[in-house]
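Geometric and topological summary
One letter stands for each residue in the lines below.
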Amino acid sequence: MNRYVRAAVWLASAADDPGGCLREWSIGPRGVVLLPAGRRWDALSVPERVGHSLLSALARRAARRRPGPVIADRRAQQLVLLLAPGSTAPPLGRGARYLTNGTWLAVPALDRPVSGLQWLVRPDDHGTLFTPADVYRVLDARRAAW
């Protein structure tokens, strides 16, 4: 099994029907599935400009560490970072949302943009996620610019 397939299997494992999820991504006409947050990952959705600034700052702080997955939602002009589950979000700026248990995220196929959604950073085959404390530390430092 190659890395791409392992990454898709890991991501699909959050679904109630992982096989159906993988089929929709590979042959489904929409190529997007709704996955529940809180099982394998939580998510932070932020405005694009904040998200790009956040990603740059995180990359500088952890130059040797691979970033977690990021979905670009072009229609909503948001970036969605997948975080390790189970943390509590601090107060967030305008236009940001924290997704965890009881919320759902539209997740596109890994190999093609669909419905305005595409992977800016694809998941890896190890399930690497952003560390919430790192993300929130950077966000807190940039709150004034938000």
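This report concerns the structure included in the present document.

Along the protein chain, the regular secondary structure elements total four helices and seven strands. When its helices and strands are written in sequence order, the protein chain yields α-α-β-β-α-β-β-β-β-β-α. Computed over C-alpha atoms, the radius of gyration of the protein chain comes to 15 Å, within 12% of the 15 Å expected from 2.2 N^0.38 for 146 residues, which places it in the range of a compact globule. Buried residues in the protein chain amount to 47% of all 146 residues. When contacts within the protein chain are restricted to residue pairs at least 6 apart in sequence, those whose partners lie at least 24 apart make up 79%. When the accessible area of the protein chain is evaluated, it comes to approximately 7700 Å², of which 52% is carbon and sulfur surface. Distance between charge centroids for the protein chain: 6 Å, based on 21 positive and 11 negative side chains.

For the rest of this paragraph, the subject is the side chain of Glu24. As for its placement among the helices and strands, Glu24 is situated in helix α2 (residues 18-27). Within the local environment of Glu24, its side chain forms a polar contact with the backbone nitrogen of Arg30, the two atoms lying 3.2 Å apart. Those residues in contact with Glu24, other than ones at most four positions away along the chain, are Pro29, Arg30, Gly31, Val32, Val33 and Arg112.

We now examine the sheet that holds strand β5 (residues 97-99). Within a sheet, neighbouring strands are paired by backbone hydrogen bonds and run either parallel or antiparallel to one another. As summarised here, the arrangement of the five strands in space is β5-β2-β4-β3-β7, forming an open sheet in which the pairing is antiparallel. Single-partner strands in this sheet number two, and they are β5 and β7 (117-121). Between one strand axis and the next, the sheet turns through 25° on average, direction left out of account. Bridge count between strand β2 (residues 42-47) and strand β4 (residues 78-83): six bridges; the pairing is antiparallel. Counted as the bridge partner of Leu44 is Leu81 from β4.

What follows is about helix α1 (residues 3-12). The set of residues buried in α1 consists of Ala7, Ala8, Trp10, Leu11 and Ala12. Buried residues along α1 sit in contact with α2, β1 (32-36), β4, β6 (104-108) and β7. Two or three places before Tyr4, at the opening of α1, Asn2 has a side-chain oxygen 3.0 Å from that residue's backbone nitrogen.

For the coordinates displayed, the defined rule picks out seven salt bridges. A salt bridge links Asp16 to Arg39; its shortest N-O distance comes to 2.8 Å. Placement of the pair is Asp16 in the loop between α1 and α2 and Arg39 in the loop between β1 and β2, with a sequence separation of 23 residues. Judged by relative accessible area, Arg39 falls into the partly exposed class, the value being 43%. Note that Asp124 is salt-bridged to Arg66, the shortest N-O span being 3.3 Å. Of the two residues, Asp124 is situated in the loop between β7 and α4 (132-142) and Arg66 in the loop between α3 (48-61) and β3 (70-73); the sequence distance between them amounts to 58 residues. Taking relative accessible area as the criterion, Arg66 reaches 37% and is therefore assigned partly exposed. Residues joined by salt bridges that share partners form a network here, namely Arg3, Arg6 and Asp125.

Let us look at the environment of Leu139. By secondary structure assignment, the location of Leu139 is in helix α4. Between the C-alpha atoms of Leu139 and Leu92, which are 47 residues apart in sequence, the distance is 8.5 Å.

Conventions adopted
- Residues numbered from 1 in each chain as written.
- Predicted model: local features only at pLDDT ≥ 70, side-chain atom pairs only at ≥ 80, totals over all residues.
- Heavy atoms only, no water.
- Helix = DSSP H or I, 4+ residues; strand = E, 2+ residues; numbered from the N terminus.
- Rg over C-alpha atoms; globule rule 2.2 N^0.38 Å.
- Buried < 20%, exposed > 50% of the residue type's maximum accessible area, 1.4 Å probe, protein only.
- Contact = heavy atoms within 4.5 Å.
- Areas by Shrake-Rupley, 256 points an atom, 1.4 Å probe, with all protein chains shown as cover.
- Lys, Arg positive; Asp, Glu negative; His and termini not counted.
- Charge placed at Lys NZ, Arg CZ, Asp CG, Glu CD.
- Polar contact = N/O pair within 3.5 Å; in protein donor to acceptor, adjacent residues only side chain to side chain.
- Pairing = 2+ DSSP bridges.
- Axes fitted to C-alpha atoms, helices over the stretch in contact; angles between N-to-C directions.
- Salt bridge = Lys/Arg side-chain N within 4 Å of Asp/Glu carboxyl O.

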